[in-house]
Amino acid sequence: MYLPFMLFATLYLFIINSMTNSLCIQKEIPEEKQPKVFRTINVLITILITSSFFRIFLT
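Here's what I pulled together on the structure shown here. (Residues numbered from 1 in each chain as written. Predicted model: local features only at pLDDT ≥ 70, side-chain atom pairs only at ≥ 80, totals over all residues. Heavy atoms only, no water.)

## So, the side chain of Thr 20
Line of reasoning, step 1. With respect to the helices and strands, Thr 20 occurs in helix 1 (residues 2-26).
Line of reasoning, step 2. Contacts of Thr 20, omitting those with residues within four sequence positions, involve Val 37, Phe 38 and Ile 41. (Helix = DSSP H or I, 4+ residues; strand = E, 2+ residues; numbered from the N terminus. Contact = heavy atoms within 4.5 Å.)

Okay, structure coming up:
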């Protein structure tokens, strides 16, 4: 049961990163600010995935 969740989480993170890249291009975010945007979104999505994991499998 853990393996499908991990595959889903990896795919979800990849899709979110693609959408973030599209956002940076569309909104013309400067190159020096893009790493901060990616880092913030990745941390928030990782927290979301981790909390979902604990809620699904440990309760």
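Still more to cover.
## Focus: the nonpolar core
Line of reasoning, step 1. Judged by nonpolar contacts, Phe 5, Ala 9, Ile 16, Ile 45, Ile 49, Phe 53 and Phe 57 together constitute the single largest core of seven residues.
Line of reasoning, step 2. For this core, the secondary-structure elements that each account for two or more residues are helix 1 and helix 2 (34-57).
Line of reasoning, step 3. With four residues, the single largest contributor to this core is helix 2.
Line of reasoning, step 4. In contact with Phe 57, not counting residues within four places along its chain, are Met 1, Tyr 2 and Phe 5. (Core = buried A, V, L, I, M, F, W, Y, C linked by side-chain atoms within 4.5 Å. Buried < 20%, exposed > 50% of the residue type's maximum accessible area, 1.4 Å probe, protein only.)

## A few points about unusual backbone geometry
Line of reasoning, step 1. A positive phi angle, close to 55 degrees, is found at Glu 28, a residue other than glycine.
Line of reasoning, step 2. Position of Glu 28 among the secondary structure elements: in the loop between helix 1 and helix 2.
Line of reasoning, step 3. A relative accessible area of 68% means that Glu 28 is categorised as exposed.

## Description of the side chain of Gln 34
Line of reasoning, step 1. Topologically, Gln 34 is positioned in helix 2.
Line of reasoning, step 2. When near neighbours in sequence (up to four residues on either side) are disregarded, Gln 34 contacts Cys 24 and Ile 29.

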